Amino acid sequence: MAEQASKLPTALLVIDVQEAMFGPGQQPPVFWAEETVANIAALLAEARSAGARVIYVQHHDQVDLAMQPGQPGFAIRAAIAPEPGETVIVKRICDTFTGTNLEHVLRQAGIQRLVTCGIQSDFCVDAATRGAMNRGFSVTLASDAHTTWDNGVLTAEQIIAHVNATLPNMSGPGQRIRIKSTQKIEFGSANVR
Amino acid sequence: MSEQSKPTALVVIDVQGAMMDDYPDDPSPFRKDEVLANIGTMLANARAAGSKVIFVRHVESKYPLMSPGNPAFEVHPAIAPIEGETVIDKTACDSFCATDLEPILREAGVTHLVTCGMQTDFCVDSATRSAMHRGFNVTLATDAHSTWDNGVLTADLIIAHHNKILPNLPGPGTDISGKESAEIEFAPAG
């Protein structure tokens, strides 16, 4: 089952990994910042070598001035910057599928499976992962490549564990969400149509 | 903004006998009685105001108790629908996914949803996010949804976490707010 899913034409969706998330600024860096970036870099390397599609999402915040286009904080984290030809989608809304052409881009490319990672576990990563499942995509969440901040109720570590425990148990119109650590995630080429 | 300008629907999610009652190996959710009582309060207020009332039921065909035909599949008797109220069955977590919920709400001119029910971290979270992303303003009844411990967090922490995060999601001009059941106002809807 798992091997079959991993052969589907796949896109790696790197969500909101922007410089403003790493300080210095009004907020401290996200939890496990360097580990998360290193794991996303590993996913990117694997996806690129497999010929999977790579799509970055950038959040244009409605309030936070650091997250406006043109600001240094808006840029995708330099260590995992897009390569020429890779798609970058700007969103203003939590769910990456709302108000963007992401679904159209994926359908046009014949993508059937998404691997999700990025920031924040409990907001845009959760929303994109649920959103993809609800749209009928096979989805794998990279369990060690998403992060967040403490929120006053839970620590970031608890939030990450909660998201990892919850999403795979959710019913969708088709397959359930899979959860795997970065090292175990395989990518199917997006070039076979 | 006057109440009349925001036709409201109360959406009661998955409050079925199988979810709420005590079964061997499947105990009642956290603060069951309080949640049922708070939903009862909102139902009374919504009905009195002429708001739309919609019940959602989850079908999980691999569990007999969650399958149509089983008495435990029905909405919990403590908060049962009255004649003329809408009941929608779903198989996906998100109440909007592959159901008529959105067209029913649009048809009734609803712009504002109040969400409550089961489970906090699954179908209540999904419906609340989804409604906001589809352009509805949403009030989450913070004391009228529940869940179970999940091995990572206790139910009370899960509830507190979702009450904390959902009102902070950036939406498409619509938003989510969290309020206690008794504080929630209802406006009439077609």
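Structure's up top.
Residues numbered from 1 in each chain as written. Chains lettered and ligands numbered in written order. Predicted model: local features only at pLDDT ≥ 70, side-chain atom pairs only at ≥ 80, totals over all residues.

Visitor: Please set out the overall build of chain A residue by residue, giving values where relevant.
Guide: Helices and strands together make up the secondary structure of chain A, namely five helices and six strands. If you line up chain A on its principal axes, its C-alpha atoms span 45 × 35 × 30 Å. Split into buried and exposed, the 193 residues of chain A put 49% on the buried side. (Helix = DSSP H or I, 4+ residues; strand = E, 2+ residues; numbered from the N terminus. Buried ≥ 20, exposed ≤ 12 C-beta atoms within 10 Å, placed from the backbone.)

Visitor: I'd love a proper account of the packing of helix H4 (residues 121-134) of chain A against helix H5 (residues 156-166) of chain A, names of residues and values included.
Guide: Residues and elements named next belong to chain A. Running from amino to carboxyl end, H4 crosses H5 at an angle of 20 degrees, the nearest separation of the two axes being 11 Å. Here H5 runs roughly parallel to H4, going by the angle between their axes. Two packed elements cross with a definite hand, and for H4 against H5 that hand is right-handed. Where H4 approaches H5, its residues Ser-121, Asp-122 and Asp-126 are matched on the opposing element by Ile-159, Ile-160 and Val-163. (Axes fitted to C-alpha atoms, helices over the stretch in contact; angles between N-to-C directions. Parallel < 35°, antiparallel > 145°, perpendicular 65-115°, else oblique. Left-handed = near helix turned anticlockwise from the far one by under 90°. Contact = placed C-beta atoms within 7 Å.)

Visitor: Let's hear about unusual backbone geometry: which residues, and what values?
Guide: Along the chain, Ile119(A) connects to Gln120(A) via a cis peptide bond; the corresponding omega equals -5 degrees. The topology assignment puts Gln120(A) in the loop between strand E4 (113-119) and H4. Here Asp14(B), not a glycine, exhibits a phi torsion of approximately 55 degrees, which is positive. With respect to the element layout, Asp14(B) can be found in the loop between strand E1 (8-13) and helix H1 (17-20). A residue is classified by how many C-beta atoms lie within 10 Å of it, and Asp14(B), with 26 of them, is buried. The phi angle at Arg31(B) is positive, at roughly 50 degrees, despite the residue not being glycine. Assignment of secondary structure puts Arg31(B) in the loop between H1 and helix H2 (32-49). Its 18 C-beta neighbours within 10 Å are what place Arg31(B) among the partly exposed residues.

Visitor: If you had to explain the interface of chain B and chain A to someone new, which residues and values would you point to?
Guide: Taken together, the contacts link 25 residues of chain B with 25 residues of chain A. Those elements giving two or more residues to the side of chain B that touches chain A turn out to be helix H4 (120-133) and helix H5 (155-165) of chain B. Tallying contributions element by element places H5(B) first for the side of chain B that touches chain A, with six residues. Taken together, the residues that form the side of chain B that touches chain A break down as 14 nonpolar, seven polar and four charged. (Nonpolar A, V, L, I, M, F, W, Y, C, P; charged D, E, K, R; others polar.)

Visitor: Can you explain the sheet that holds strand E6 (residues 176-179) of chain B? Please cite residues and give values.
Guide: All names here are of chain B. Read across the open sheet, the six strands follow the order E3-E2-E1-E4-E5-E6; overall the sheet is parallel. The open sheet has two edge strands with one neighbour each: strand E3 (86-90) and E6. Shown here is a sheet whose adjacent strand axes are inclined to one another by a mean of 25 degrees, direction ignored. In the sheet, strand E5 (residues 137-146) pairs with E6 via four bridges, with the strands oriented parallel. Note on E6: the bridge partner recorded for Ala-141 is Lys-179. Contacts from H2 reach E1, strand E2 (52-58), strand E4 (112-118) and E5 within the one sheet, and its direction differs from that of E5 by about 145 degrees. Seen against the sheet, H5 touches E5 and E6 and runs at an angle of roughly 170 degrees to E5. (Pairing = 2+ DSSP bridges.)

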